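Letter by letter, the chains look like this.
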Amino acid sequence: MRRVWLCVCLTGVLVGWASGAEPKKVPALPIANSDAGNAAEMKAYTEQLEHAGVGIDMLPIPGGKYLMGSPESETGHSDDEGPQHEVEIASFWMARTETTWEAYDVWGEKVDQLRRKFTGLQATERDEGADAVTRPTPPYTDMSFNMGKGKFPAICMTQHAARTYCKWLSKKTGRYYRLPTEAEWEYACRAGTSTAYSFGDDPAVIGDYAWYNENSMGKYQRVGKKKPNPWGLHDMHGNVAEWVLDQYIPTIYGDRQGAKNPLEIPKTLYPRIVRGGGWDHEPSQLRSAARMASAEEWSDQDPQVPRSIWYH
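Residues numbered from 1 in each chain as written. Predicted model: local features only at pLDDT ≥ 70, side-chain atom pairs only at ≥ 80, totals over all residues. Heavy atoms only, no water.

Caption draft 1: Region of interest: the overall build of the protein. Scanning the protein for helices and strands turns up five helices and twelve strands. Taken over C-alpha atoms, the radius of gyration comes to 19 Å for the protein, in line with the 20 Å a tight globule of 312 residues would show. The principal-axis extents of the C-alpha atoms in the protein amount to approximately 60 × 50 × 35 Å. Put simply, the protein has 312 residues, and 54% of those count as buried. When contacts within the protein are restricted to residue pairs at least 6 apart in sequence, long-range pairs at least 24 apart make up 75% of them. About 13500 Å² of surface is accessible on the protein, with carbon and sulfur atoms providing 51% of the total. In the protein, 35 positive and 41 negative side-chain charges are present, and the distance between their average locations comes to 6 Å. (Helix = DSSP H or I, 4+ residues; strand = E, 2+ residues; numbered from the N terminus. Rg over C-alpha atoms; globule rule 2.2 N^0.38 Å. Buried < 20%, exposed > 50% of the residue type's maximum accessible area, 1.4 Å probe, protein only. Contact = heavy atoms within 4.5 Å. Areas by Shrake-Rupley, 256 points an atom, 1.4 Å probe, with all protein chains shown as cover. Lys, Arg positive; Asp, Glu negative; His and termini not counted. Charge placed at Lys NZ, Arg CZ, Asp CG, Glu CD.)

Structure representation (structure tokens):
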């Protein structure tokens, strides 16, 4: 069985303007450029995880229309990538890199709570809301598999864990975060391009932009080390695959020409969608349009009974 190394892919929604946003329940942590009245006012900002000393860089993604999927003539094309169809996407923010262990462990290992305890800091209203969000049970092994923590991408979480992390992050910061939809992810990955990759059609230069099976040295790498796509996003191709919100439906592209902000709401646990490919994949699996469906066998290595809802 081929392993799939899964990461949280963070999307910041323009609160009060983009569809699906939640109302603010407590004052947000003051961060420069993190608020905007409309899409034209959106700027890059760095979210801060209070009492943890960790930041998450967020980049504005301008809304627009694009052709989702790939043509049959594209090398590596799969039937579930067609037919190509026009999709309209509202503006949003997306994290500049894959979510790192240092950012993920603030939630998973209660780093913020421990720092408050040892330094005598009082919890804020945001902390109180964040502390109430369920955190993962201890994993059965080191989920980095000794490939690196810190600024390396957090891996092997289930989609449930990724979504719960976003819920915690929203409480922690007072801003609304969630996984991107599959359509948003591909739109951000393409960054205005229509080629197989955000850098063109020639996989011969993929090593400049992605960690994949021929240059990764058999493990994932620190985030942000390869060239970004035209919108400044790193590791959209390769390194580790990212969760998105959608249910995987192989034939759905034929039903939604001209859709606005499409989302296939999950109704069953499997299969759901991951995007981007990983460090042990072929270049064709790293294409902007490439889709991958989750499977129950991803938890086959988990010795626990019942199997963890948090980690694959």
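Caption draft 2: Just the pattern of salt bridges, in detail. Scanning the entire structure with this criterion turns up 21 salt bridges. Lys 149 serves as the salt-bridge partner of Asp 105, at 3.4 Å between the closest nitrogen and oxygen. Linking Asp 105 in helix H1 (residues 101-108) with Lys 149 in the loop between helix H3 (125-131) and helix H4 (159-173), this pair joins segments that are 44 residues apart in sequence. According to the relative accessible area criterion, Asp 105 is buried, its value standing at 10%. Here Arg 307 ties to Asp 300 by a salt bridge, and the two come within 3.5 Å at their closest N and O atoms. Residues joined by salt bridges that share partners form a network here, namely Asp 112, Arg 116, Asp 127, Asp 131, Arg 135 and Lys 172. (Salt bridge = Lys/Arg side-chain N within 4 Å of Asp/Glu carboxyl O.)

Caption draft 3: Molecular detail of the nonpolar core. Formed by 45 residues in total, the largest nonpolar core has its most connected members in Leu 49, Tyr 104, Tyr 165 and Trp 168. At the level of secondary structure, the elements contributing two or more residues to this core comprise strand S3 (45-49), strand S4 (54-61), strand S7 (92-95), H1, H4 and strand S9 (241-247). Ranked by residue count, the leading element in this core is H4, at six residues. The next biggest cluster of nonpolar side chains, apart from the first, holds 20 residues, and it includes Met 68, Met 94, Met 236 and Val 244. (Core = buried A, V, L, I, M, F, W, Y, C linked by side-chain atoms within 4.5 Å.)

Caption draft 4: Seen up close, the environment of Gly 150. Assignment of secondary structure puts Gly 150 in the loop between H3 and H4. Counting along the chain gives 19 residues from Gly 150 to Asp 131, while the straight-line C-alpha distance between them is 22 Å. The residues touching Gly 150, leaving out its near neighbours within four places in the chain, are Thr 100, Trp 101 and Glu 102.

Caption draft 5: Inspection of unusual backbone geometry at higher detail. Look at the link from Gly 82 to Pro 83: it is a cis peptide, with omega at 0 degrees. For Pro 83, the location among the structural elements is in the loop between strand S5 (64-68) and strand S6 (85-89). Omega for the bond connecting Val 305 with Pro 306 falls within 30 degrees of zero, at -5 degrees, which places this linkage in the cis form. Examined against the element boundaries, Pro 306 turns out to sit in the segment after strand S12 (291-293). The backbone of His 51 shows a phi angle near 65 degrees, a positive value even though the residue is not glycine.

Caption draft 6: Geometry of the packing of aromatic side chains. One pass over the full model with this rule turns up 13 aromatic pairs. With 5.3 Å between their ring centres and 50 degrees between their planes, Tyr 66 and Tyr 187 make a pair best called tilted. Of this pair, Tyr 66 sits in strand S5 while Tyr 187 sits in helix H5 (residues 182-190); the two residues are 121 residues apart in sequence, bridging distant segments of the chain. Across the pair, exposure class does not vary: Tyr 66 and Tyr 187 are buried alike. Both rings, one in Trp 101 and one in Tyr 104, keep their centres 6.1 Å apart while their planes meet at 80 degrees; by these two values the pair is edge-to-face. Here Trp 101 and its partner Tyr 104 are both found in helix H1, three residues apart, which amounts to about one turn of the helix. By the ring-pair criterion, three or more aromatic residues cluster together here, those being Trp 101, Tyr 104, Trp 107, Tyr 165, Trp 168 and Trp 310. Seen from the ring of Trp 101, Lys 149 lies directly overhead, with NZ or CZ sitting 4.3 Å from the centre. The ring of Trp 211 is capped by Lys 226, whose NZ or CZ atom sits 4.1 Å from the centre of that ring. (Phe/Tyr/Trp six-rings, centres within 6.5 Å; stacked < 30°, edge-to-face > 60°. Lys NZ or Arg CZ within 6 Å of the ring centre and 35° of its normal.)

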